[in-house]
Amino acid sequence: MDDQTRWSANGRRIPADVPHQPLLTDDMRKEIESYFPRYPTKQAVVLPALHIVQDRLHCVPSEAIVEIAEMLSLAPAEVHDTLSFYGFFRSPEKPLGKYRCWVCRSVSCAFRGGEKILEYLCRSLDVQPGETTADGQFSVEFAECLGGCDFAPCMLVNDQLRENLTEETVDELVKSLRKK
Amino acid sequence: MPDFEPVLLKRLNIPDVQRLDVYKGQGGYQATEKTLRQHSPDDVIGIVRDSKLRGRGGAGFPCGVKWGFLPSDRDVTYMCVNADESEPGTFNNRILMEGDPHQVIEGIVIASYATQASVAYIYIRYEFVKAFHTLQRAIDEAYQAGYLGQNILGTNFDLDVYLHRGAAAYICGEETGLIESLEGKRAWPRIKPPFPAVEGAFRKPTVVNNIETLACVPHIVERGADWFQSIGVPSDPMNPRDLGSYGPKLYCLSGHVNRPGCYELALGVTCRELIENQGGGVWKGRKAKAAIPGGISMGLLREDEFDTPLDFDSLQKVGCLGLGTAAVVVFDEQTSLVDVLYNSCRFFAHESCGQCTPCREGTGWMLRIVKRIQQGHGRVEDLDLLVQVAESMGIMPGTTICGLADGAAWPVKNAIAKFRNEFEDAVNSASAKGANVSAATTSSLHTN
Ligand SMILES: Cc1cc2nc3c(=O)[nH]c(=O)nc-3n(C[C@H](O)[C@H](O)[C@H](O)COP(=O)(O)O)c2cc1C
Ligand code: SF4
Ligand code: FES
């Protein structure tokens, strides 16, 4: 096998005459490479690279796994092994919506109404935990303790912790995010 | 107890103290200057050892002693700062990183100098978005001001600090799970020994410390080991295994109290004092039934045990695993402890990394048994069965690689021992419902 051989995500050899269309953009590659000097091994860049891809694409397609592996001199299976350990990364079949709503179900929140908030949010968006609304706006997931127990019940919506939730504040939030 | 002046949170309400100039105006970075100019690395290890600072991340191991385990002939040393903070009920690392990031950086610089680490990785849980950005800004400022990077303060000490984001897995807080995750692998904890001090990140000697532990270090260097020991609970001279509980501690109070929050107090406050004085009492004018004393892994305190001091060595005397993360979660009299245990078992079944069979399977079994009790399908023999499963898993019985299994099992054993009546009632009211229950429960054991 020479270095030019390309492999598809499902392990097939890609014929040489198929034009190569990388999934990772130059920007993504540059950002991934900017992490190299931080660590003595390239493998340590697996998590940063997966974050970079999921932040942009709302999921990690298998082509990205192959290309990350190539950049980090790893086998795709090694990258996939790490990815699959964390329930955090999404496949293209189940991409994240525009807003990822992580509702805490751990002890401090649950006993201040957190479980009901999760149920309420699911009901009002008509999804189950783990699903995304049909319009691609909201993904609802349960979270374990978000480290915001002083504001229980709480949820993380993308970058922001939403605190002391009630059904009313959940309604308002959903309404205001829908307008954006 | 003598009056206590906050140490770690004292700058928290100063506007913009996250900025380097404001922090310096409050006396910030003086400890770093003093350390790098006046002390040798071994001096610093000595001071920290003498202070008897114990790790704040859960295990309570003496910090200076741990630093002393580094082999003397090492070439590279890594510092791994544990900011994975995921033990339910715990949020003091978040408060420190968001509220006073330079204090955290100062702790990292001094600890890295003491241990001669040239790179420090701050492993921060993904969900701490605000803390991540706050800390990154502070790190950038510290580089510009010469507190990080090459030749810090004109000495020949170099240090790079990098933030490394996790991906929402509790097990990454276990120190060797953290290291594996940092290395880009699945976060499967390693068998110890070798301990990280000998073989840690990238197979090199590594120090792992919690954010709060490190935040204590600048104050210890500045004010001395004696000052630190003037706060807290002295060791019991009759008990050589009691290492004392010295210094300030950030208690996280949540659950059914009027004022949840992070409160800095001298180690050794009682659970009742914390709830009454800081928490403003139990919410809705109710009485308390129980409390978690230090994160969900530690077990439960009954209301009549609330006068127990929350220090490193007292909680064991009332059947809890220890102080843990000093996260107190209060439950009022209307709370079902079957529900609490269900919540706990669900957490651990979800977070077990799956590497050891007794933990992977045991957490699942415990969850399903507690679930059927909660749903009214419990059987009389279930309580003993639960205890039996719990007793078979963990480092203590020697069947697992890491302490997650002990933390999963302890609340089960502890809740059933302390609240057996409540669990028996739940089971008995179930068996009163009739015979078709047992068919339903047999199948429920194999689903979920
Ligand atoms: C399952 C498990 C999870 C843990 N999670 C954390 C954590 O989130 N943060 C932390 O500092 N320590 C955590 N620890 C403890 C670490 O393994 C380690 O003892 C600690 O980071 C050492 O720092 P310290 O000595 O400064 O406390 C955890 C331990 C176990 C067994
Ligand atoms: S005890 Fe549990 S969490 Fe720890 S290594 Fe074993 S399976 Fe993983
Ligand atoms: S329990 Fe919900 S944030 Fe901690």
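Look above for the structure.
All values reported here derive from a predicted model rather than from experimental measurement.

Reading the values: rules and limits
- Residues numbered from 1 in each chain as written.
- Chains lettered and ligands numbered in written order.
- Predicted model: local features only at pLDDT ≥ 70, side-chain atom pairs only at ≥ 80, totals over all residues.
- Heavy atoms only, no water.
- Axes fitted to C-alpha atoms, helices over the stretch in contact; angles between N-to-C directions.
- Helix = DSSP H or I, 4+ residues; strand = E, 2+ residues; numbered from the N terminus.
- Parallel < 35°, antiparallel > 145°, perpendicular 65-115°, else oblique.
- Left-handed = near helix turned anticlockwise from the far one by under 90°.
- Contact = heavy atoms within 4.5 Å.
- Nonpolar A, V, L, I, M, F, W, Y, C, P; charged D, E, K, R; others polar.
- Buried area = accessible area lost by both parts, 1.4 Å probe.
- Salt bridge = Lys/Arg side-chain N within 4 Å of Asp/Glu carboxyl O.
- Polar contact = N/O pair within 3.5 Å; in protein donor to acceptor, adjacent residues only side chain to side chain.
- Pairing = 2+ DSSP bridges.
- Buried < 20%, exposed > 50% of the residue type's maximum accessible area, 1.4 Å probe, protein only.

Engineer: Just to check I follow, could you spell out the packing of helix α12 (residues 337-351) of chain B against helix α15 (residues 404-418) of chain B for this structure?
Structural biologist: Two numbers describe a pair of packed helices, the interaxial angle and the distance between the axes. All names here are of chain B. Interhelical geometry of α12 versus α15 gives an angle of 165° and a closest axis separation of 10 Å. Put simply, α12 runs roughly antiparallel to α15. Relative to α15, the crossing made by α12 is left-handed. Together, L341, S344, C345, F348 and E351 of α12 and L404, G407, A408, P411, V412 and A415 of α15 make up the contact between the two elements. Residues of the contact of α12 with α15, tallied by class, amount to eight nonpolar, two polar and one charged.

Engineer: Explanation requested: the interface of chain B and chain A in the structure shown.
Structural biologist: The accessible area lost on association of the parts is a frequent measure of interface size. Listed per partner, the contact involves 57 residues of chain B and 40 residues of chain A. Counting each side, the surface lost to burial between chain B and chain A is near 3700 Å², with a carbon and sulfur contribution of 59%. Of all residues in chain B, A167(B), R186(B) and R346(B) bury the most surface against chain A, accounting for 15% of the area lost on that side. On inspection of chain B and its partner chain A, the count reaches three salt bridges. Among the ionic pairs, E115(A) bridges to R346(B), the shortest N-O distance being 3.1 Å. Connecting chain B to chain A are 20 residue pairs in polar contact (both at pLDDT 80 or more).

Engineer: Would you mind showing me how to read the sheet that holds strand β11 (residues 327-332) of chain B here?
Structural biologist: Each strand in a sheet pairs with another by means of backbone hydrogen bonds, the pair being arranged parallel or else antiparallel. An order of β8-β7-β11-β9-β10 (chain B) is seen for the five strands of this open sheet, with the pairing classed as mixed. Looking at which strands have only one partner, the edges of the open sheet turn out to be β8 (261-266) and β10 (301-302) of chain B. When strand β7 (residues 248-255) of chain B meets β8(B), the two strands line up antiparallel, connected through six bridges. By the bridge assignment for β8(B), K249(B) is matched with L265(B). Most of the contacts of helix α5 (residues 107-125) of chain A go to β11(B), to which it runs at about 30°, and overall it touches β7, β9 (288-292) and β11 of chain B.

Engineer: I tried to follow the environment of V412(B) on my own but got confused; where do I start?
Structural biologist: Residues and elements named next belong to chain B. Looking at the secondary structure, you find V412 in helix α15. For V412, a relative accessible area of 0% translates into the label buried. Each C-alpha atom of the pair V412 and K185 lies 31 Å from the other, and the pair is 227 residues apart in sequence. For V412, the residues in contact, after removing those within four places along its chain, are L341, C345, M366, L386 and A390.

Remember, this is a structural readout, not a statement about activity or role.
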